Amino acid sequence: MNTRTPIAAAVAALALLTASGCAVTRGQESVGAYVDDTTITSTVKGRYVGNKDVDASSISVETLNGTVMLSGFAKNATEKSTAESIARKVNGVKSVKNEIAIRP
């Protein structure tokens, strides 16, 4: 019997145990924060889809620790400000960084 096989199996098992865990993004304190951020992002995107003044497919939404980052393109200043306003009204949002560019 090869003595390397049990050692290799033990090392692989140890690596799997230590590498597995919850999907928490760097800089977040807990799984709860990750879940909250995911909920905020989904809610903002859902409200964009339900709003005729915002093109949901042109605006990206990312959330980290309650701070929402908007990026992408808007047709005009009204669409940009509406997107920000919608994001600010979502429960759990602490701040909004609006980096949406207006298409010329």
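What this report covers is the structure whose coordinates are included nearby. (Residues numbered from 1 in each chain as written. Predicted model: local features only at pLDDT ≥ 70, side-chain atom pairs only at ≥ 80, totals over all residues. Heavy atoms only, no water.)

Structural notes on the packing of helix α2 (residues 31–49) against helix α3 (residues 77–88)
Axes are the key here: two packed helices are described by the angle between their axes and the distance separating the axes.
Okay, step 1: Here α2 crosses α3 at 135 degrees, and the two axes come no closer than 9 Å. Taken together, the axes of α2 and α3 are oblique relative to one another. For the element pair α2 and α3, the recorded crossing hand is right-handed. Facing α2, whose interface residues are V44, R47 and Y48, α3 presents A83, E84, I86 and A87. (Axes fitted to C-alpha atoms, helices over the stretch in contact; angles between N-to-C directions. Helix = DSSP H or I, 4+ residues; strand = E, 2+ residues; numbered from the N terminus. Parallel < 35°, antiparallel > 145°, perpendicular 65-115°, else oblique. Left-handed = near helix turned anticlockwise from the far one by under 90°. Contact = heavy atoms within 4.5 Å.)

Here we look at α3
Okay, step 1: Given a rise of 1.5 Å per residue, 12 residues ought to cover 16 Å, and the 17 Å separating the end C-alpha atoms of α3 matches this to within 8%.
Okay, step 2: Buried within α3 are the following residues: E79, T82, A83, I86 and A87. Along the axis of α3, the buried positions cluster into a sector of 135 degrees, meaning they face one direction only.
Okay, step 3: The secondary structure elements touched by the buried residues of α3 are α2, β1 (59–64), β2 (67–74) and β3 (95–102).
Okay, step 4: Near the N-terminus of α3, the side chain that reaches the backbone nitrogen of T78, with its oxygen 3.2 Å away, is that of N76. (Expected span 1.5 Å × (residues − 1). Buried < 20%, exposed > 50% of the residue type's maximum accessible area, 1.4 Å probe, protein only. Arc of directions from axis to C-beta. Polar contact = N/O pair within 3.5 Å; in protein donor to acceptor, adjacent residues only side chain to side chain.)

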